[in-house]
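Okay, here's what each chain looks like letter by letter:
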Amino acid sequence: MRVLGIETSCDETGVAVYDTALGLLGHRLHSQIDLHAAYGGVVPELASRDHIRRLPLLLRETLEATGLVMSDIDAIAYTSGPGLAGALLVGSSVAEALGVALGVPALPVHHLEGHLLSPLLSATPPGFPFVALLVSGGHTQLMRVAGVGDYTLLGETVDDAAGEAFDKTAKLIGLPYPGGPALAGLALEGTPGRFKLPRPMLHSKDFDFSFSGLKTAVLTAASAPGFVESDRADLAAEFQAAAVDVLVAKSMAALKHTGLKQLVVAGGVGANLALRAGLNAAAAKRRAKVFYPEMELCTDNGAMIAFAGAMRLMAGEQAMPSDGRFAVRPRWSLQEITPPKVGVA
Ligand code: KG4
Ligand code: ZN
């Protein structure tokens, strides 16, 4: 079965084809970074318009690259939430229209389920159950994952998401959008510990996080008299170290609590090398293993959506050919997700 995946929830247009027998056949991505950079963040209306412009081209390119034609597609998986409403509408309407035209099912997929399952696409995938650390621009959650759609929330951020904290902190110290990778780059040139930032909720004895205080502490340090341009790298390094310390400690506590030995890291911040180094070292001490998506699949992409749809279909979720009706869900909690509905049309 060949599943076409379409992702348009935010500022990346992603298209992919996943074959349940052969794996990922190909994927194409268009990032809108250049489009939004001048505004310092994502402009929703510009994002929607660009998805409309890019999606048909990416669909054609993906099919050409995989040597397929439209009639080779057996099902379409698309991100129906959470995300920007207008952006979600583009992918959803194209997917459902294609479903009607081809007479195949079009499956709405939860964007975070895509991230969560994306490490299973790697060469050495984990098996269920595992603990998942989901660290994206909009979410920071620790979950116990028992199977597709079987997610138990262990803890989450009470304010900003980890990626959001990276982005806002980057902006505070004058780095360009997208802030996360820029801050990580600057941190490489600095030394953590010269500035002292808090490790929020490190000892809270739960699996929750808080990042907004950290951002405020950065603002305070950066506005202090005597703070000069050359201090920015040390401040960036200390911010990154503080965020990583908390993410690592809580992830290890979640492994201990669940008694599991596999940690899956998903979402854009999972691309952060300091986080990877911290998690790998801490997990090794516990004889646990950390799994990441392939680097290019850490941030938003169509492959994870095609794969999540394919996993649901393989788990027996029944899907009828599209009747063209759909609804997007800009706000959609992962806890509302259920295991595949076997035998229910
Ligand atoms: O998963 P993602 O692509 O989109 C969402 O679903 O949110 O995550 C994007 C987030 C952004 O906040 C971005 O700054 C952050 O991931 N990010 C990073 C790195 N690469 C992406 N944060 C820290 N270090 C990185 N290397
Ligand atoms: Zn994402």
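Located above this text is the structure these notes cover.
Residues numbered from 1 in each chain as written. Chains lettered and ligands numbered in written order. Predicted model: local features only at pLDDT ≥ 70, side-chain atom pairs only at ≥ 80, totals over all residues. Heavy atoms only, no water.

Engineer: Before we move on, could you go through the sheet that holds strand β8 (residues 150-156) and cite the residues and values that matter?
Structural biologist: The five strands are arranged β8-β7-β6-β9-β10 in an open sheet whose pairing can be described as mixed. Single-partner strands in this sheet number two, and they are β8 and β10 (289-291). Between one strand axis and the next, the sheet turns through 25 degrees on average, direction left out of account. In this sheet, β10 lies alongside strand β9 (residues 262-266) in parallel orientation, the contact comprising three bridges. Looking at the pairing, Leu-263 lines up with Val-290 of β10. The strands touched by helix α8 (residues 232-258) within the sheet are β6 (130-135), β7 (140-147), β8 and β9, with β6 carrying the most contacts at an inclination of about 155 degrees. Packed on one face of the sheet, helix α9 (residues 273-285) meets β6, β9 and β10 and runs near 150 degrees to β10. (Pairing = 2+ DSSP bridges. Helix = DSSP H or I, 4+ residues; strand = E, 2+ residues; numbered from the N terminus. Axes fitted to C-alpha atoms, helices over the stretch in contact; angles between N-to-C directions. Contact = heavy atoms within 4.5 Å.)

Engineer: Tell me about the site of ligand 1, residues and numbers included.
Structural biologist: The environment of ligand 1 is formed by 18 residues, the closest being His-115, Gly-137, Asp-167, Gly-268 and Asn-272. In the environment of ligand 1, an oxygen atom lies 2.5 Å from a nitrogen or oxygen atom belonging to the side chain of Asp-167. Residue Val-269 places a main-chain N or O atom 3.5 Å away from an oxygen atom belonging to ligand 1. When the free accessible area of ligand 1 is taken as 550 Å², the share hidden by the protein chains comes to 85%. Its residues assigned to classes, the shell around ligand 1 comprises five nonpolar, eleven polar and two charged. (Near = heavy atom within 4 Å. Polar contact = N/O pair within 3.5 Å; in protein donor to acceptor, adjacent residues only side chain to side chain. Areas by Shrake-Rupley, 256 points an atom, 1.4 Å probe, with all protein chains shown as cover. Nonpolar A, V, L, I, M, F, W, Y, C, P; charged D, E, K, R; others polar.)

Engineer: Go over the coordination of the zinc ion (ligand 2), please, and point to the residues and values.
Structural biologist: Protein-derived coordination of the zinc ion (ligand 2) comes from His-111 (NE2), His-115 (NE2) and Asp-300 (OD), at a distance range of 2.0 to 2.1 Å. Coordination at the zinc ion (ligand 2) comes from four donor atoms whose angles at the metal span 93 to 138 degrees, giving a geometry best classed as irregular. Read in sequence order, the donor residues for the zinc ion (ligand 2) give the motif H-x3-H-x184-D. On the criterion of helical spacing, the pair formed by His-111 and His-115 is a turn pair, its members being four residues apart in helix α4 (residues 111-117). Each of the two residues, His-111 as well as His-115, counts as buried. (Donors = N, O, S within 2.8 Å, 3.2 Å for Na, K, Ca; no water. Tetrahedral: all angles 85-135°; square planar, octahedral: opposite > 155°, others 65-115°. Buried < 20%, exposed > 50% of the residue type's maximum accessible area, 1.4 Å probe, protein only.)

Engineer: Account for the pairing of β7, with residues named and values stated.
Structural biologist: Across the eight residues of β7, six count as buried, placing the element largely inside the fold. Relative to β7, β6 runs antiparallel, the two being bridged by six bridges. Bridge pairing in β7 links Val-135 to Thr-140. Connecting β6 to the next strand, β7, in antiparallel fashion are four residues.

Engineer: Provide a residue-level description of the pairing of β6, including the pertinent values.
Structural biologist: The buried count for β6 comes to six of six residues, which makes it a mostly enclosed element. Going residue by residue along β6, you find Phe-130, Ala-132 and Leu-134 tucked away on one face and Val-131, Leu-133 and Val-135 tucked away on the opposite face as well. Looking at chain direction, β6 and β9 are connected through four bridges and run parallel. When the bridges of β9 are listed, Val-131 appears paired with Leu-263.

Engineer: Describe the nonpolar core, listing the residues and the values that go with them.
Structural biologist: Ranked by size, the top nonpolar core spans 49 residues in total, and within it Leu-133, Leu-263 and Leu-279 carry the most contacts. Broken down by secondary-structure element, the contributors of at least two residues to this core are β6, α5 (162-172), α6 (179-187), α7 (212-223), α8, β9 and α9. Examining the composition of this core, we find that 14 residues originate from one element, α8, more than from any other. Residues contacting Leu-279, with those up to four places away along its chain left out, are Leu-133, Leu-247, Val-248, Ser-251, Met-252, Leu-263, Val-265, Val-290 and Tyr-292. Counting residues in each nonpolar core, the second largest holds 35 residues, with Ala-75, Leu-116, Val-148 and Ile-337 among its members. (Core = buried A, V, L, I, M, F, W, Y, C linked by side-chain atoms within 4.5 Å.)

Engineer: Before we move on, could you go through the sheet that holds strand β5 (residues 106-110) and cite the residues and values that matter?
Structural biologist: The five strands lie next to each other as β3-β2-β1-β4-β5, forming an open sheet whose pairing is mixed. Edge positions in the open sheet fall to β3 (23-31) and β5, since each of these has one partner strand only. Recorded for the sheet is a direction-independent mean angle of 20 degrees between the axes of neighbouring strands. Each of β1 (2-7), β4 (75-81) and β5 touches helix α3 (residues 85-102); the most contacted strand, β4, lies at about 155 degrees to it.

Engineer: Kindly report on the side chain of Glu-238, identifying the contributing residues and their values.
Structural biologist: Position of Glu-238 relative to the elements: it lies in helix α8. Looking at Glu-238, its side chain comes within polar contact range of the side chain of Arg-199, at 2.8 Å. Once you skip the residues sitting within four places of it in the chain, Glu-238 turns out to touch Pro-192, Gly-193, Phe-195, Lys-196, Leu-197 and Arg-199.

Engineer: Which residues make up the packing of aromatic side chains, and what are the values?
Structural biologist: Taken as a whole and judged by the stated rule, the model has five aromatic pairs. On the basis of an interplanar angle of 85 degrees and a centroid distance of 5.1 Å, the ring pair of Phe-166 and Phe-239 is categorised as edge-to-face. One end of the pair, Phe-166, is in helix α5; the other, Phe-239, is in helix α8, and 73 residues separate them in sequence. The burial state of Phe-166 is the same as that of Phe-239; both residues are buried. Between Phe-209 and Phe-211, the aromatic rings sit 6.0 Å apart at their centres with planes inclined by 10 degrees, giving stacked as the arrangement. Take Phe-209: its relative accessible area is 0%, and that puts it in the buried class. Here Arg-276 stacks its cationic end above the ring of Tyr-292, 4.2 Å away from the centre of that ring. Above the face of the Phe-291 ring, Lys-289 is positioned so that its terminal group lies 4.7 Å from the ring centre. (Phe/Tyr/Trp six-rings, centres within 6.5 Å; stacked < 30°, edge-to-face > 60°. Lys NZ or Arg CZ within 6 Å of the ring centre and 35° of its normal.)

As far as function goes, none of this settles anything; it's purely spatial.
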